[in-house]
Each structure stands twice: as C-alpha cells, then as structure tokens.
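Take a look at the letters that make up each chain.
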Amino acid sequence: MRALLQRISHASVTVDGEKIGQSGPGLLILICAMQGDTEAQADYLAVKIAKQRIFKDEAGKMNKSVRDIDGSALVVSQFTLAADTSRGNRPGFSTAARPEEGKALYEYFAAKLAAEGVPVETGEFGADMQVELLNDGPVTIWMDTDAG
C-alpha cells in the first residue's frame, strides 16, 4: 500500500457539492492499495501512521503523534498514487489493486486507523472528489509497503 500523509490544520472532501468528510487539526491521508496488498499492509500502515511523530511539541520539534495532539484523520482513496511515470508522458496505473480489492483495503485501513485511537472520516471510494486542505508546515510524508 502507498500512503501520502499531510499534516493539516484542516481538510475536507466534497462529492457532488456535498461535504462528506472533514478533519483537523491532524492528518489528510491519501491511500492506494496496490496489486498483491493484503490486510497485513493496511495494519502496518495504520499502526505506523497512528504513531508517527510529525506534530510539534512544546519546543517546536516534531515529536508528537496525531493521537498525542488529540487530532483526527481524513482518509481519501487515491489510486493515482500507483502511477508509473517511467515511460512516455501518460502515467500507467496497472499496479493499482482492482477496484473491489482496493475498496475493501481502503475501508479496512480506515477502520484499523480508527481502532488505533484516531478519529477518522473518509472520502467516497471511486467518486470524483474535491479535496480542500491547509497543509501545516508544510509537512508531507510518503509511506510505502511492499506487497507480499
């Protein structure tokens, strides 16, 4: 699985003009299931993300997790994180999980992150979404797991 974490002051996701999820302060997590991914990869990322110390402590150092700051997360499916740009000028997405597998792992990941003590709201898998955010820092972190 691949995840792009953004430390946010606030973020929201809108579908067809209706705000369906929001968060902040905390994390916007763009997530993509890759072919061959299992719940084990989702477990790993959820636990790792819940513990990532990317929020400022009293001394201004990145030393607190989203749980430490009583933050929340907005989790948005983002199959384009699977983009292969190595050839030509049009990205390929053949390494992304099939939609039914991707949706199941996306939902599993969001539930696992919530089980780790992080309040979670989500986007809508497969929908045309508009995501608004105020990146705090900016802090943006790429996380990846190997399938298998």
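Overview of the structure. Just so it is clear, the structure is predicted and the values come from calculations on it, not from any experiment. (Residues numbered from 1 in each chain as written. Predicted model: local features only at pLDDT ≥ 70, side-chain atom pairs only at ≥ 80, totals over all residues. Heavy atoms only, no water.)

### Quick word on the nonpolar core
In summary, soluble globular proteins display a tendency toward joint burial of nonpolar side chains.
Point 1. Leu27, Ile29, Ile49, Phe109 and Leu113 are the most contacted members of the largest nonpolar core, which has 25 residues in total.
Point 2. Elements that contribute at least two residues to this core include exactly strand 1 (2-15), strand 3 (26-32), helix 1 (39-51), strand 6 (72-77), helix 2 (99-115) and strand 8 (129-144).
Point 3. Per-element tally for this core: the top contributor is helix 1, with five residues.
Point 4. Residues within four places of Ile49 in sequence aside, it is in contact with Ala3, Leu5, Leu27, Ile29, Val66, Phe109, Leu113 and Met143.
Point 5. With 15 residues, the next largest nonpolar core counts Ile8, Val15, Ala82 and Ala96 among its residues. (Core = buried A, V, L, I, M, F, W, Y, C linked by side-chain atoms within 4.5 Å. Buried < 20%, exposed > 50% of the residue type's maximum accessible area, 1.4 Å probe, protein only. Helix = DSSP H or I, 4+ residues; strand = E, 2+ residues; numbered from the N terminus. Contact = heavy atoms within 4.5 Å.)

### Notes on the packing of aromatic side chains
Point 1. In total, this model carries two aromatic pairs according to the counting rule given.
Point 2. Geometrically, the ring pair formed by Phe79 and Phe93 is edge-to-face, given 5.0 Å between the ring centres and 65 degrees between the ring planes. Here Phe79, found in the loop between strand 6 and helix 2, pairs with Phe93, found in the loop between strand 6 and helix 2; they are 14 residues apart in sequence, far enough to count as distant. (Phe/Tyr/Trp six-rings, centres within 6.5 Å; stacked < 30°, edge-to-face > 60°.)

### Comments concerning the environment of Gly21
Point 1. The topology assignment puts Gly21 in strand 2 (residues 18-23).
Point 2. Among the residues examined, Gly21 registers a relative accessible area of 2% and is labelled buried.
Point 3. A C-alpha to C-alpha distance of 9.5 Å links Gly21 and Val131, two positions 110 residues apart in sequence.
Point 4. The contact partners of Gly21, leaving out residues within four places of it in the chain, are Ala11, Ser12, Val13, Leu74, Glu121 and Thr122.

### Some remarks on unusual backbone geometry
Point 1. In this structure, Pro25 follows Gly24 across a cis peptide bond, with omega equal to -10 degrees.
Point 2. Omega for the bond connecting Gly137 with Pro138 falls within 30 degrees of zero, at -5 degrees, which places this linkage in the cis form.
Point 3. Residue Asp16 is not a glycine yet carries a positive backbone phi of 50 degrees.
Point 4. Tracing the backbone through its elements, the reader meets Asp16 in the loop between strand 1 and strand 2.
Point 5. According to the relative accessible area criterion, Asp16 is exposed, its value standing at 75%.
Point 6. Its identity as a non-glycine residue notwithstanding, Asp70 has a phi of 55 degrees, on the positive side.
Point 7. By secondary structure assignment, the location of Asp70 is in the loop between strand 5 (62-64) and strand 6.
Point 8. Note on Asp70: relative accessible area 72%, which makes it exposed.

### A closer look at the environment of Gly36
Point 1. Locating Gly36 in the fold gives a position in the loop between strand 3 and helix 1.
Point 2. Take Gly36: its relative accessible area is 48%, and that puts it in the partly exposed class.

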